[in-house]
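Fold and geometry: a report
Residue-level listing of the chains:
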Amino acid sequence: MSKFKEIEDYRVFTSKAELHKSINALIGIIQGIRFDNIANEHEIAELIHWCNLHRRFEKRAPFNEIIPLIDQALLDNKLEQEEIEDILWLCNNIVNDSGFNRYYDLITSSIQQLQGILHGILADNVLNEAEIEQLCSWIDDHDFLRGTYPFDEIHSLLVSVKQDGIISEEEKNLLKAFFANFVDTRASYNIHEFEIKSLQSQYSIGGICAVCPEIIFENKVFSFTGASTRATRSEIAKIIQSMGGIFNNNVTKNTNYLIVGGDGNPCWAFACYGRKVEKAIELRKKGTPIIIVHENDFWDEVVV
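This structure is a prediction, so every number in the text was calculated from the model and none was measured.

With that settled, consider the packing of helix α2 (residues 16–34) against helix α3 (residues 41–54). At a closest axis distance of 10 Å, the pairing of α2 and α3 adopts a crossing angle of 170 degrees. When the interaxial angle is binned, α2 and α3 end up roughly antiparallel. Of the residues in α3, those touching α2 at Ser22, Ile23, Leu26, Ile29, Ile30 and Ile33 are Glu43, Leu47, Trp50 and His54. For the contact of α2 with α3, a count of residues per class yields 7 nonpolar, 2 polar and 1 charged.

And the structure:
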């Protein structure tokens, strides 16, 4: 490898943005791995792979601290709870350093860690109920991420699959197919793009409504898609306007809420509504805080 190439690679891995993302991803991966209290050989291989991706920089901070600590912990091919806590302590100290805090906020860090958690959960290609419950607990503890992609989507899907108190293998596969959207397979040892695409082809995962969203009407822009069970679109527009809101039939970057009509599943999979939901999801991916609301929640907030 040329010196120029090494410098370029180092710049990519250690720019403020990439370094922050990489360490937060590691924090998430380790949290995801420990969710079921067992670190198996596949999960350990995933952790080793993270180290190998950064090993060429192990003489430079912060890799000169993190990689030796992980290497030492894995000498016996096991990952004990105390070793996990030591690695997380070091990583958290790094991302909480004032040098990072000048550039990145809690929401950015938490979303990066959430994506790392999904990576860690899928590291052995198995999703069990203990991991699902731990992920639900993490979601509950990070309620401040509401409105941020993909928090609402993940939260809603978890609520949906847990509604009947039983999580079937079909539902576990559905979760795996959706979670894999947020894992960079190029940075994974066990998670392969071909296998993920094959799994995802079996499921239709469309727009997802927020769970129990807070709806503010005053000066907020609303759009509507689908067919309402209670009113015409023009009647809904008048209700929104009477409560101080603004109705726009089109979804744009100025849209605050997209209301999805219908009496089907109130949580997710509104692929049948087409382009407006797709547009809202694409805007959310780009950072626009559009909240997708099922009409049941909309009517709960309407004062008549």
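Turning next to the pattern of salt bridges. Any two side chains of opposite charge can pair if their charged atoms end up close together. Scanning the model with the defined rule gives 11 salt bridges in all. In this structure, Glu282 engages Lys285 in a salt bridge whose closest nitrogen and oxygen atoms are separated by 3.5 Å. Note that Glu282 and Lys285 are positioned in helix α13 (residues 275–285) at a spacing of 3 residues, about one turn of the helix. Relative accessible area serves as the criterion here: at 35%, Glu282 is assigned to the partly exposed category. We classify Lys285 as partly exposed; its relative accessible area is 45%. Through salt bridges with shared partners, a single network forms among Arg55, Glu58 and Asp71.

Attention shifts here to unusual backbone geometry. Cis geometry marks the peptide bond from Ala61 to Pro62; its omega dihedral reads 0 degrees. Cis geometry is found at the peptide bond from Tyr149 to Pro150, where omega equals 0 degrees. Counting through the fold element by element, Pro150 comes out in the loop between α8 (129–141) and α9 (151–162). The backbone of Asn77 sits at a positive phi, close to 60 degrees, despite the residue not being glycine. Its place among the elements puts Asn77 in the loop between α4 (63–73) and α5 (81–95).

Our focus in this paragraph is the packing of aromatic side chains. Applying the stated criterion across every chain yields a total of 8 aromatic pairs. Relative to Phe182, the ring of Phe178 lies with its centre 5.4 Å away and its plane at 80 degrees, an arrangement referred to as edge-to-face. Of the two residues, Phe178 and Phe182, both sit in the buried class. For the ring pair Phe222 and Tyr257, a centre distance of 4.8 Å and an interplane angle of 20 degrees mean the geometry is stacked. Of this pair, Phe222 sits in strand β1 (residues 221–225) while Tyr257 sits in strand β3 (residues 257–260), and the two are 35 residues apart along the sequence. Accessibility classification places Phe222 together with Tyr257 in one group, the buried group. An aromatic cluster of three or more residues is present, and its members are Phe217, Phe222, Tyr257, Phe298 and Trp299.

All right, on to the nonpolar core then. Within the largest apolar cluster, 44 residues are counted, with the highest numbers of intra-cluster contacts made by Leu135, Ile139, Ile154, Leu158, Leu175 and Phe179. Listing elements by their share of this core, those giving two or more residues are α7 (106–121), α8, α9, α10 (169–179), α11 (193–200), β3 and α13. Core analysis: the next-biggest nonpolar cluster, separate from the first, contains 26 residues, Phe57, Ile70, Ile84 and Ile87 among them.

Side chains of strand β4 (residues 291–294) alternate between two faces, with Ile291 and Val293 and Ile292 and His294 buried alike. The sheet contact formed by β3 and β4 spans 4 bridges and is parallel. Across the sheet, the residue bridging to Val260 is His294, located in β4.

So, on to the confidence of the model for the protein chain. Taken residue by residue, the protein chain gives an average pLDDT of 85. The fraction at 70 or more is 87%. Averaged pLDDT values over the elements of the protein chain bottom out at 45 in helix α1 (residues 3–14) and peak at 97 in strand β2 (residues 246–247). In this model, residues 1–8 is a region of pLDDT below 50 whose contacts with residues beyond four sequence positions or in other chains number 5 contacts. In this model, residues 264–273 is a region of pLDDT below 50 whose contacts with residues beyond four sequence positions or in other chains number 38 contacts.

Moving on to α13. Among the residues of α13, Lys276, Val277, Ala280, Ile281, Leu283 and Arg284 are the ones counted as buried. Buried positions in α13, seen along its axis, are confined to an arc of 165 degrees and lie on one side of it. Looking at α13, the residues exposed on the side facing more than 90 degrees away from the buried face are Arg275 and Glu278. Buried positions along α13 lie against α9, β1, α12 (233–242), β3 and β4. Following α13 by one or two positions, Gly287 adopts a phi angle in the positive range, close to 105 degrees.

What follows deals with the environment of Asn125. With respect to the helices and strands, the residue Asn125 is situated in the loop between α7 and α8. The class of Asn125 is partly exposed, set by a relative accessible area of 33%. In the structure, Asn125 is positioned 71 residues away from Ile196 in sequence and 9.9 Å away in space, judged by C-alpha atoms. Contacts of Asn125, omitting those with residues within four sequence positions, involve Lys176 and Asn190. Among the polar contacts listed, one links the side chain of Asn125 to the backbone oxygen of Asn190, at a separation of 3.3 Å.

Rules used throughout
- Starting from 1, residues in each chain are numbered consecutively following that chain's sequence as written.
- Where local features are concerned, this predicted model is filtered to residues with pLDDT of at least 70; where side-chain atom pairs are given and counted, the filter is 80 or more; whole-chain, interface and lining totals use all residues.
- As a rule here, side-chain values come from all non-hydrogen atoms in the structure, and water together with hydrogens is ignored.
- Angles here are taken between N-to-C directions and fall from 0 to 180 degrees, while the axes themselves are lines fitted to C-alpha atoms, restricted in helices to the stretch in contact.
- Helix and strand assignments follow DSSP, with helices taken as H or I runs no shorter than four residues and strands as E runs no shorter than two, numbered in order from the N terminus.
- Roughly parallel refers to an angle under 35 degrees, roughly antiparallel to one over 145, roughly perpendicular to one between 65 and 115, and oblique to any angle outside these ranges.
- Contacts are assigned to residue pairs with any non-hydrogen atoms lying within 4.5 Å of each other.
- Under the scheme applied here, ten amino acids are nonpolar (Ala, Val, Leu, Ile, Met, Phe, Trp, Tyr, Cys and Pro), four are charged (Asp, Glu, Lys and Arg), and all others, including Gly, are polar.
- The rule for a salt bridge is simple: a side-chain nitrogen of Lys or Arg has to be within 4 Å of a carboxyl oxygen of Asp or Glu.
- Classification of residues uses two cut-offs on accessible area relative to the type maximum, computed with a 1.4 Å probe and protein chains only: under 20% is buried, over 50% is exposed, and between them is partly exposed.
- Aromatic pairing here means that ring centres of Phe, Tyr or Trp (its six-membered ring) are within 6.5 Å. Orientation follows from the plane angle: under 30 degrees is stacked, over 60 is edge-to-face, and everything else is tilted.
- Residues belong to one nonpolar core when they are buried, are Ala, Val, Leu, Ile, Met, Phe, Trp, Tyr or Cys, and are joined through side-chain atoms within 4.5 Å.
- Note on pairing: DSSP must find at least two bridges between two strands before they are called paired.
- The quantity known as pLDDT measures the predictor's confidence residue by residue, on a range of 0 to 100.
- Arc definition: it is the arc formed by the directions from the helix axis to the C-beta atoms.
- As used in this structure description, the phrase polar contact means that two N or O atoms lie within 3.5 Å; if the pair is within protein, one of them must be able to donate a hydrogen and the other to accept it, and residues adjacent in sequence are counted only when both atoms belong to side chains.

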